Structure formats: structure tokens, C-alpha cells
Amino acid sequence: MRQAMTRAGWHPEAVIDAELALVELIVNAWQHGKTTSPIVLLVMGGSTLRVSIADESPALPKQCTPADLAESGRGLQFVEGLTHRWGVDPQENDKNI
């Protein structure tokens, strides 16, 4: 993803933000989707990058407000802060984020 975005002329900060969001979504698929090998789809067109991560769980992600000292629970807030928009596309037996 980094190489494709860099070749397409994306600003380095946008590349870093995209990488961080991608890593967070993959880790969420491992931890919460119980998926050892999530499917990652990257589509780039003009100034738009769409990243989809498919996991095997039908459970939809829920954004929560963790306690101040909690060690986890901020992943979707992190993704929201790094991206322009995020969402979930529920499928019959799984989902795409």
C-alpha cells in the first residue's frame, strides 16, 4: 500500500495515516473477528483510497468509550481519527470493514 500510494503522489502523512489505520483494522480482525488471515482489498482511484478488511465473524464492531486508564478499546476511535470515513458492510456470514 505504501509503495502504491507513494507512486501515485500521495502526501507522506496520508500514507502513514493509511498504514496505521490498516494495521489497526487487521489487528481487530485477528482479535475480535477471530480470523487468522483476514482478506485485505485496496482500491485506489484519484484522491480516494478504499481499504476493506474481511473477517469471519458476523458480529459488527462497536465503538466504545473505554475508561481513562483502559489498555484497549480505542481502536475504532483511532481509525476514525485517521480516515475521512469508515463503515461496515455486513455479509451473510461475515463482514467487510
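Values in this document were obtained by computation on a predicted structure and should not be read as measured data. (Residues numbered from 1 in each chain as written. Predicted model: local features only at pLDDT ≥ 70, side-chain atom pairs only at ≥ 80, totals over all residues. Heavy atoms only, no water.)

K.L.:
Got a minute to help me understand unusual backbone geometry in this structure?
P.N.:
Glycine aside, the phi torsion of most residues is negative, and most peptide linkages are trans. Phi at lysine 34 is positive, roughly 55°, even though this residue is not glycine. Tracing the backbone shows lysine 34 in the loop between α2 (12-31) and β1 (39-45). (Helix = DSSP H or I, 4+ residues; strand = E, 2+ residues; numbered from the N terminus.)

K.L.:
How do you make sense of the pattern of salt bridges when you look at a structure like this?
P.N.:
In a structure, side chains of opposite charge can pair up when their charged atoms sit close to one another. Counted by the stated rule, this structure contains 1 salt bridge. Across the pair arginine 2 and glutamate 19 runs a salt bridge, and its minimum N-O distance is 2.5 Å. Of this pair, arginine 2 sits in helix α1 (residues 2-7) while glutamate 19 sits in helix α2, and the two are 17 residues apart along the sequence. Residue arginine 2 is classed as exposed on the basis of its relative accessible area, which comes to 51%. (Salt bridge = Lys/Arg side-chain N within 4 Å of Asp/Glu carboxyl O. Buried < 20%, exposed > 50% of the residue type's maximum accessible area, 1.4 Å probe, protein only.)

K.L.:
I'm lost on helix α3 (residues 75-82) in this one. Help?
P.N.:
In an α-helix, one turn spans 3.6 residues, which is why side chains three or four residues apart end up on the same side. Turning to α3, its buried residues are Gly75, Leu76, Val79 and Leu82. Here the buried residues of α3 occupy an arc of 125° about the axis, which is enough to place them on one side. Of the surrounding elements, those touching the buried residues of α3 are α2. (Arc of directions from axis to C-beta. Contact = heavy atoms within 4.5 Å.)

K.L.:
Where do I start with the pairing of strand β2 (residues 48-55) in this structure?
P.N.:
For a regular strand, side-chain orientation follows a simple rule: the groups alternate between the two sheet faces. Direction of pairing for β1 relative to β2: antiparallel, over a ladder of 7 bridges. The partner of leucine 42 across the bridge, within β2, is valine 51. Taken together, the 2 bridges between β2 and strand β4 (residues 95-96) define a ladder with antiparallel strand orientation. The residue of β4 that forms the bridge with alanine 54 is asparagine 96. (Pairing = 2+ DSSP bridges.)

K.L.:
It is not clear to me how the sheet that holds β2 should be interpreted in this structure. Could you clarify?
P.N.:
What the 4 strands build is an open sheet, ordered β1-β2-β4-β3; its pairing is antiparallel. Every other strand in the sheet has two partners, leaving β1 and β3 (89-90) as the edge strands with one partner each.

K.L.:
Mind showing me how you'd approach the nonpolar core here?
P.N.:
As a rule of thumb, nonpolar side chains are buried together in soluble globular proteins. Core analysis: the biggest nonpolar cluster contains 7 residues, these being Leu22, Leu25, Ile26, Ala29, Ile53, Val79 and Ile97. It is α2 that provides the largest number of residues to this core, a total of 4 residues. In this structure isoleucine 97 touches Leu25, Val51, Ser52, Ile53, Pro61, Trp86, Gly87 and Val88, once residues within four positions along its chain are discounted. (Core = buried A, V, L, I, M, F, W, Y, C linked by side-chain atoms within 4.5 Å.)

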